[in-house]
Amino acid sequence: MRDWDDAYANSAHIPGSDKMPGQWAERAAAYRAGLKDFRADIAYGAGERQRLDLILPDGDSKGLVVFVHGGYWMRFDKSTWTDLAEGARQHGWTVALPSYTLTPAARISDITAEIAAAIAKAASLVSGPIRLAGHSAGGHLVTRMLCDDSRLEPAVYNRIAGALSISGLHDLRPLLKTKMNETLGMTMEEATLESAALHLPRGHSPVTAWVGGSERPEFIRQSDLMANLWTGFDVPTRLVVDPGLNHFTVIDGLKDPSSPITARLIGLD
Ligand SMILES: N[C@@H](CC(=O)c1ccccc1NC=O)C(=O)O
């Protein structure tokens, strides 16, 4: 059988990646220190990690971007990548960054419910269209919001203008064969119910699956399968394989207002 741990191992295939979490946190902290309007730790539930940060644009807000961080549902929080808000912020969008309870304290299905609550809270604070983005495990979480079993209320769901799943995981069943599942604790039933690609879409919100061309082949397959399957249900889908980028560099463009990934996030292209 294939080595499924290796198929989903990112750091092991990216030189220097052991130093990256420290660098990400430092960059994000420096970015927060320079923000004019940063609203930290807004509660969207009673749990300790059920908090979101809001980053406001300089002028009027055009709408709400929600960015959900990754880390295989078991690492990191909203403070790791605050600086990814900057591209959308410069275009006038308000950006919400939620934390969520990590596995094994929460099941993945619990986290999906938390993200719906986080989006509802942010949507109550910021008017206009909503654009969802997530990285890796966060890509899973945002695509789950568009599934037929989405917990979003119609008033919130109907404001969603699109979702950008960056290196997202859309069929969780192969992860059952990895050591990570000792922490994730998924059964086949949960892995199936938590796979966006195995659901029907609730509506026709556009979905972009964006992945680095130098990522593990499994991540490219996970983006490909999502775009492929939902195309069959009349969802406007795009698959973008961004050349030369790996699992960690693929999100860097979100900091840059002139990057193609920022244009995709806010629907300018
Ligand atoms: N230790 C993990 C790290 C990882 O995959 C990761 C790290 C940061 C953000 C997203 C990640 N992947 C999926 O959620 C790995 O390299 O396999």
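Right above here is the structure, for reference.
Residues numbered from 1 in each chain as written. Predicted model: local features only at pLDDT ≥ 70, side-chain atom pairs only at ≥ 80, totals over all residues. Heavy atoms only, no water.

A. Structural context of helix α2 (residues 20–33). With 14 residues, α2 should reach 20 Å at 1.5 Å per residue; the first-to-last C-alpha distance of 20 Å fits that figure. Buried positions along α2 lie against β2 (51–55) and α3 (86–90). (Helix = DSSP H or I, 4+ residues; strand = E, 2+ residues; numbered from the N terminus. Expected span 1.5 Å × (residues − 1). Contact = heavy atoms within 4.5 Å.)

B. Region of interest: the pairing of strand β3 (residues 64–68). Across the 5 residues that make up β3, a large majority, 5, are buried. Across the two faces of β3 the burial is the same, with L64, V66 and V68 and V65 and F67 all buried. Pairing of β3 with strand β4 (residues 94–98), which is carried by 3 bridges, proceeds in the parallel orientation. Bridging across to β4, V66 finds its partner in A96. (Buried < 20%, exposed > 50% of the residue type's maximum accessible area, 1.4 Å probe, protein only. Pairing = 2+ DSSP bridges.)

C. Quick look at the sheet that holds β3. The 8 strands lie next to each other as β1-β2-β4-β3-β5-β6-β7-β8, forming an open sheet whose pairing is mixed. The strands lining the two open edges of the sheet, one partner per strand, are β1 (38–43) and β8 (237–242). Adjacent strand axes in the sheet meet at a mean angle of 20°, parallel and antiparallel pairs treated alike. Across 4 bridges, strand β6 (residues 160–166) lies against strand β7 (residues 207–212) in parallel orientation. Across the sheet, L164 pairs through a bridge with T208, a residue of β7. Across the sheet, helix α5 (residues 137–144) lies against β3, β5 (130–135) and β6, angled at about 145° from β5, the strand it touches most. (Axes fitted to C-alpha atoms, helices over the stretch in contact; angles between N-to-C directions.)

D. Broad picture of the pairing of β2. Counting buried residues in β2 gives 4 out of 5 residues, a clear majority hidden from the surface. Where β1 meets β2, 4 bridges bridge the pair, whose relative direction is antiparallel. Note that in β2 the partner of A43 across the bridge is R51. Note: β2 against β4, 4 bridges, orientation antiparallel. Bridge pairing in β4 links D53 to L97.

E. Highlighting the environment of S165. Assignment of secondary structure puts S165 in strand β6. The class of S165 is buried, set by a relative accessible area of 1%. When neighbours within four sequence positions are excluded, S165 is seen to be in contact with G134, G139, H140, T143, H170, T208, A209 and W210. Within the local environment of S165, its side chain forms a polar contact with the backbone oxygen of G139, the two atoms lying 3.4 Å apart. (Polar contact = N/O pair within 3.5 Å; in protein donor to acceptor, adjacent residues only side chain to side chain.)

Treat this as a map of the structure, not an account of what it does.
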